[in-house]
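Structure assessment
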Amino acid sequence: MLLIAQATRAQDANELFNTANNFIRSGDYANAILVLNQALQLEPDNTQFRKQLGFAYYLRGEMPKAQKIIDPLLDKKDADAQLYQIAGNIYQARQDWKGAQKLYDKGIRKFPESGELYNDNGQLLLTLKMYDGALNNWLKGIEKDPNFPGNYYNAARTYYYSKDAVWAILYGEIFINLESYTTRTAEIRDILIESYKKLFNDPAMLNSIPADMEEGGKKSRRGRSANSGFETAFRQLLAKQTSVITNGIDPEALIMLRTRFILDWYNFYSFKYPFALFDLQRSLLKEGMFEAYNQWIFGPVASQAGYRAWTNLHKAEYDRFIQYQRNHPFKLRPDEYYNDGHFTLSR
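First, a word on scope: everything that follows refers to the structure included in this document. Everything numeric in this text was worked out from a predicted model, so none of it was measured.

This part is about the environment of A30. Relative to the elements of secondary structure, A30 occurs in helix α2 (residues 29-42). Using a relative accessible area of 36% as the deciding quantity, one classes A30 as partly exposed. Separated by 29 residues in the primary sequence, A30 and L59 place their C-alpha atoms 10.0 Å from one another.

Here the focus is the nonpolar core. Within the largest apolar cluster, 71 residues are counted, with the highest numbers of intra-cluster contacts made by Y171, W265 and F278. At nine residues, the largest contribution of residues to this core is made by helix α10 (residues 166-178). Other than its neighbours up to four places away in sequence, Y171 contacts L139, I142, Y152, A155, A156, Y159, Y337 and N339. Formed by 34 residues, the second largest nonpolar core is a distinct cluster that contains F17, L36, A66 and L83.

By secondary structure assignment, the location of Q101 is in helix α6 (residues 97-110). On the basis of relative accessible area, Q101 is assigned to the buried category, the value being 18%. Those residues in contact with Q101 that sit more than four places away from it in its chain are N121, L124 and L125.

Restricting attention to buried positions, one finds in helix α15 (residues 276-286) the residues A276, L277, F278, L280, Q281 and L284. In the segment just after α15, G288 is the residue with positive phi, at about 75 degrees.

This paragraph deals with empty space enclosed by the protein. Scanning the model with the defined rule gives one cavity of 30 Å³ or more in all. Of the voids in this model, the largest cavity is the one considered here, and its volume is about 60 Å³. What lines the largest cavity is simply I169, L170, E173, Y196, F234, L238, R258, F261, L277, F278 and Q281. Elements with a contribution of two residues or more to the lining of the largest cavity: α10, α13 (228-239), α14 (251-268) and α15. A breakdown of the residues in the lining of the largest cavity according to their chemical character gives eight nonpolar, one polar and two charged.

Summed over all chains, the structure comprises 34 aromatic pairs. Taking the centre distance of 4.9 Å and the plane angle of 25 degrees together, the rings of F17 and F49 count as stacked. Placement of F17 in helix α1 (residues 2-25) and of F49 in helix α3 (residues 47-60) is noted, with a sequence separation of 32 residues between them. Note that R184 overlies the ring of Y153, its terminal NZ or CZ placed 4.4 Å from the centroid.

Our next topic: unusual backbone geometry. Phi is positive for Q95, which is not a glycine, with a value near 60 degrees. Within the secondary structure layout, Q95 lies in the loop between α5 (81-93) and α6. A positive phi angle, near 65 degrees, is found at D335, a position not held by glycine. By the secondary structure assignment, D335 is in the segment after α18 (315-327).

Rules behind the numbers
- Residues numbered from 1 in each chain as written.
- Predicted model: local features only at pLDDT ≥ 70, side-chain atom pairs only at ≥ 80, totals over all residues.
- Heavy atoms only, no water.
- Helix = DSSP H or I, 4+ residues; strand = E, 2+ residues; numbered from the N terminus.
- Buried < 20%, exposed > 50% of the residue type's maximum accessible area, 1.4 Å probe, protein only.
- Core = buried A, V, L, I, M, F, W, Y, C linked by side-chain atoms within 4.5 Å.
- Contact = heavy atoms within 4.5 Å.
- 1 Å grid on protein atoms, 1.4 Å probe; cavity = no way out; pocket = protein on both sides within 12 Å on 5 of 7 lines; lining within 4 Å.
- Points joined across faces, edges and corners; volume = space filled by probe spheres on them.
- Nonpolar A, V, L, I, M, F, W, Y, C, P; charged D, E, K, R; others polar.
- Phe/Tyr/Trp six-rings, centres within 6.5 Å; stacked < 30°, edge-to-face > 60°.
- Lys NZ or Arg CZ within 6 Å of the ring centre and 35° of its normal.

Below is the structure:
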């Protein structure tokens with residue numbers, strides 16, 4: 001009978017927890033707090049319940065209550081990366097920058113594969129105008145957790161505002177494949193096409209090779225595998241196609257440029273520098289969906305009217321691409337990290 005009673009209490013507590021989460025999703029934080037307190041009466045030592053209660057107080061703007069609940073949980077054995085995220089957000093909301101920094105450092109030491117913690121730590125450092133530190137956190141997050149989109153978003157924006165558009169292009173396209181239908185997607189689409197313009201408007205940028213890199217790869221000062229060969233190859237193959245965009249950057253020119261690039265890449269560099277993004281492009285090219293893919297990326301930015309006209313005229317082709325995209329979610333692979341973190345902020 002005791003076991004039955006315990007099982008019933010656990011079931012009831014979990015149902016209350018699910019109800020509270022529904023209230024949080026709908027923005028009804030007061031009811032979420034009420035229901036979570038009921039769940040905690042059934043399971044007072046449940047860390048997940050307490051974490052969510054602290055989160056609900058945070059969302060409601062009651063930071064002292066949120067911090068009072070979250071802080072004691074950080075030393076528990078079942079504390080997870082999300083708990084450190086919530087704690088960091090609370091400390092930032094209270095403008096306790098040093099406290100937030102200590103939390104993120106501790107969380108990253110405990111969860112070194114958490115892209116979310118690198119992302120949040122980067123956001124904190126950006127707030128403190130520590131630009132190098134912010135970018136390095138986002139790049140480390142990309143390296144350690146390659147399928148978390150937030151670090152690509154922030155890294156792409158940082159590179160866009162720097163003097164190097166190459167990584168804005170690469171990270172921007174990766175991001176919109178990982179997070180395809182949000183307001184951030186629309187922002188990065190614009191950054192992506194503008195980065196192509198920036199790159200081809202400055203021949204020195206297109207043909208430059210970072211001074212700290214040498215062909216063939218070496219170890220960087222941080223001990224990472226430096227990947228000058230990858231970036232150099234990317235720049236050189238794009239530079240070969242300058243004649244394609246003499247009349248300007250638009251979806252049609254980019255389709256031609258990127259088609260020629262991907263064919264060259266798989267003739268010369270794909271074995272040495274495997275890269276999931278280029279594999280996706282090649283697959284779409286083989287499947288006859290590369291034009292639709294490029295229209296999906298660049299069309300809405302270049303011309304809404306032109307994009308609508310293209311999708312209406314090529315409805316079957318576009319629908320086939322969208323279906324393919326849904327059935328084949330984009331996944332990055334580990335050990336394909338090709339960035340040494342160099343950048344120069346535009347002044």
